Amino acid sequence: MNLQERFKQVRQHSIDICSNLQTEDYVVQPVVDVSPPKWHLGHTTWFWEEFVLKPNDENYEQFNPNYNYVFNSYYESAGTRVIRTDRGNLSRPSVEEIYQYRKHVDKGMLHFLKNNLSKALQDLIVLGLNHEEQHQELLATDIKYILGNNPLFPALYPEEKKSSLPAKKTWIHIDEGIYEIGFEGEGFCFDNELNRHKVYLNDYSICSELVTNKEYLEFINAGGYKNFIYWHMEGWEWVKANGINAPMYWHFIDGEWMNYTLNGLLPLDEHEPVCHVSFYEAYAYASWKGSRLPTEAEWEIAATKFNWGKRWEWTESAYLPYPGFSKAPGAIGEYNGKFMVSQKVLRGASDVTPPNHSRITYRNFFHPPLRWQYTGIRLAK
């Protein structure tokens, strides 16, 4: 698929995710970590305008100079911006205007992509496509948070989800030794997946399947949220301060656990992998089971031996640079390196990860208390 076709495909997928939204849904920002859907649509459009068209197409006419301030996310090199907590206050530009903005930039990009582009520009465009795919996953999870915190629990996709079947679990043993992790070969990767390097691993075992809702419910029923012994001190303080007693979107109604999904509020599917848990909860569950979470190196070395991709899986690893990591110059260099502090690595992908956007070496990262993403648990020992 050439760059033009891929560009059109990726841009259309962002619109498809929003196809069932009402106009009012586009504007809501319930918490700081969740951005309004219309901001995602504007920001991913601003990326193409700011980093590709404005510097490289002398005939391009900027849609609205004020949009740089509105839709810049965290790129200090690209100028001042609306602070993250204020994105929900942007009643203007309207949803209609943002869709006009997208059409304007898409027209400019499709014309630009007809040119004979340098390798550096082609690489920048591939990065931009992957950037938009990242936002597509964030867009889907932000929409779920917005609707899941609406008292009416509206469904984005009204059709009822089919129940899953239980999977047989086994422990996969990995011998001690020196292994290599990190990206290598052809194709795209983010800078935080480089450079490939050696790691030493002791003997370990990793579970072939993710922890299910049924298994996590056993932890709840055993008093897991009431016994500090399973928790980090910081995690235990988080539980007490926020009154946490179950994963996000679980609701105990009339003696039954219900779970908000994009299909609406449904009875808890016990065989589905548990979802929307924090690192604190993942650690506490593993501790209660007498196990632990895998490191990211353990996960990567074993990943060819188990199924993954339904949940972002918490690891025990801090999000740090690989040996020899270096940031690209300018605003693009702000992409991953500036976040390498106080966060944990997640591996895998999720139900809302765009097609072909995941790979074994992909390193996601979040702060320990966050759980609005599709985060789950795989045990190791």
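- The protein chain is annotated in an unreviewed UniProt entry as Ergothioneine biosynthesis protein EgtB from Parafilimonas terrae.
- Quoted verbatim from the Pathway (unreviewed entry) field of the UniProt record, the comment on the protein chain reads "Amino-acid biosynthesis; ergothioneine biosynthesis."

### Examining the overall build of the protein chain
And step 1. Assigned secondary structure in the protein chain consists of 9 helices and 11 strands.
And step 2. Relative to its length of 381 residues, the protein chain is compact, with a C-alpha radius of gyration of 22 Å against a globular reference of 21 Å.
And step 3. On the principal axes, the C-alpha backbone points of the protein chain span a range of 65 × 55 × 35 Å.
And step 4. Counting only residues that meet the buried cut, the protein chain has 54% of its 381 residues in that class.
And step 5. Residue pairs in contact within the protein chain that sit at least 24 positions apart in sequence constitute 77% of those at least 6 positions apart.
And step 6. Distance between charge centres in the protein chain, computed from 38 positive and 48 negative side chains, equals 1 Å.

### Some details on the sheet that holds strand E7 (residues 264–267)
Across a sheet, strands are paired by hydrogen bonds formed along the backbone, either parallel or antiparallel in direction.
And step 1. On the basis of which strands lie adjacent, the open sheet formed by 3 strands has the order E5-E6-E7 and antiparallel pairing. Looking at the sheet topology across the chains shown, the edges are occupied by strand E5 (250–253) and E7. Here the strands of the sheet are splayed against their neighbours by 35 degrees on average, with no regard to which way each runs.
And step 2. Relative to strand E6 (residues 256–261), E5 runs antiparallel, the two sharing 4 bridges. Paired with Phe252 across the two strands is Trp257, which belongs to E6.
And step 3. Across the sheet, helix H6 (residues 213–221) touches E5 and E6, and the angle it forms with E5 is around 65 degrees.

### Brief notes about the environment of Tyr200
And step 1. Within the secondary structure layout, Tyr200 lies in strand E3 (residues 197–201).
And step 2. The class for Tyr200 is partly exposed, based on a relative accessible area of 49%.
And step 3. Residues Tyr200 and Gly177, 23 residues apart in the sequence, show an inter-C-alpha distance of 5.7 Å.
And step 4. Non-local contacts of Tyr200, meaning those with residues more than four positions away in its chain, are made with Glu176, Gly177 and Ile178.

### Things to note about the packing of aromatic side chains
And step 1. All told, the structure shown has 38 aromatic pairs when counted by the stated rule.
And step 2. Taking the centre distance of 6.0 Å and the plane angle of 35 degrees together, the rings of Phe153 and Tyr260 count as tilted. Highlighted residues: Phe153 in the loop between helix H5 (119–148) and strand E1 (171–174) and Tyr260 in strand E6, separated in sequence by 107 residues.
And step 3. For Tyr260, a relative accessible area of 0% gives the class buried.

### Regarding the domain arrangement of the protein chain
The figure often quoted for interface size is the accessible area lost as the parts come together.
And step 1. When cut into domains, the protein chain gives domain 1 (3–149) and domain 2 (171–376).
And step 2. Centre-to-centre, using C-alpha coordinates, domain 1 lies 27 Å away from domain 2.
And step 3. Taking both sides of the interface into account, the surface hidden between domain 1 and domain 2 amounts to around 2500 Å²; carbon and sulfur atoms contribute 63%.
And step 4. Counting across the domain 1 and domain 2 interface gives 0 salt bridges.
And step 5. Our enumeration of links across domain 1 and domain 2 arrives at 10 residue pairs in polar contact (both at pLDDT 80 or more).
And step 6. Listing elements by their share of the side of domain 1 that touches domain 2, those giving two or more residues are helix H2 (37–56) and H5.
And step 7. Tallying contributions element by element places H5 first for the side of domain 1 that touches domain 2, with 17 residues.
And step 8. A per-class count over the side of domain 1 that touches domain 2 returns 12 nonpolar, 9 polar and 6 charged.

### Considering the side chain of Lys144
And step 1. Assignment of secondary structure puts Lys144 in helix H5.
And step 2. It is Asp351 that comes nearest to the buried, bridge-free Lys144 among opposite-charge side chains, at 7.6 Å.

### A short note on the pairing of E1
And step 1. Side-chain alternation along E1 places Ile172 and Ile174 on a buried face and Trp171 and His173 on a face that remains uncovered.
And step 2. Taken together, the 4 bridges between E1 and strand E4 (residues 204–207) define a ladder with antiparallel strand orientation. Looking at the pairing, Ile172 lines up with Ile206 of E4.

### Considering the sheet that holds strand E10 (residues 364–366)
And step 1. Spatially, E10-E9-E8-E11 is the arrangement adopted by the 4 strands of the open sheet, whose pairing is mixed. Single-partner strands in this sheet number two, and they are E10 and strand E11 (375–376).
And step 2. Taken together, the 2 bridges between strand E8 (residues 312–318) and E11 define a ladder with parallel strand orientation. Within E11, the position partnered with Trp312 by the bridge is Thr375.
And step 3. Where helix H8 (residues 279–288) meets the sheet, its contacts fall on E8 and strand E9 (344–348), and the angle it forms with E8 comes to roughly 85 degrees.

What counts and how
Along each chain, numbering runs from 1 in the same order as the chain's sequence is written. The predicted nature of this model means local features are confined to residues of pLDDT at least 70 and side-chain atom pairs, given and counted, to a pLDDT of 80 or more, with totals for whole chains, interfaces and linings taken over all residues. Each side-chain value is derived from all of the structure's non-hydrogen atoms; neither hydrogens nor water enter the calculation. UniProt positions are given in the numbering used here, feature names are shortened, and annotations may be inferred rather than shown by experiment. Counting from the N terminus, the helices are the DSSP runs of H or I reaching at least four residues and the strands are the DSSP runs of E reaching at least two. For this measure, only C-alpha atoms enter the radius of gyration; the expected value for a globule follows 2.2 Å times N^0.38, where N is the number of residues. For every residue, the accessible area obtained with a 1.4 Å probe (protein chains only) is divided by the maximum for its type, and the residue is called buried under 20%, exposed over 50%, and partly exposed between those limits. For this analysis, residues touch if any pair of their heavy atoms sits within 4.5 Å. For the purpose of counting charges, residues Lys and Arg are taken to be positive, whereas Asp and Glu are taken to be negative. His and the chain ends are not included. For this purpose, a charge sits on NZ of Lys, CZ of Arg, CG of Asp or CD of Glu. If DSSP finds at least two bridges between two strands, the strands pair. All axes are obtained by fitting lines to C-alpha atoms, using only the stretch in contact for helices, and the reported angles, taken between N-to-C directions, cover 0 to 180 degrees. Between the rings of Phe, Tyr and Trp (Trp by its six-membered ring), a pair exists once the centres lie within 6.5 Å; its type follows the angle of the planes, with under 30 degrees stacked, over 60 edge-to-face, and the other angles tilted. These domain boundaries are the output of an automatic or database domain assignment. Two parts placed together each lose some accessible area under a 1.4 Å probe, and the buried area is that loss summed for both. Each reported salt bridge corresponds to a side-chain nitrogen of Lys or Arg within 4 Å of a carboxyl oxygen of Asp or Glu. By the criterion applied in these results, polar contacts are pairs of N or O atoms within 3.5 Å in which, for protein atoms, one can donate a hydrogen and the other can accept it, and in which residues neighboring in sequence qualify only through two side-chain atoms. Side-chain classes follow a simple rule in which Ala, Val, Leu, Ile, Met, Phe, Trp, Tyr, Cys and Pro form the nonpolar group, Asp, Glu, Lys and Arg form the charged group, and the remainder, Gly included, forms the polar group.

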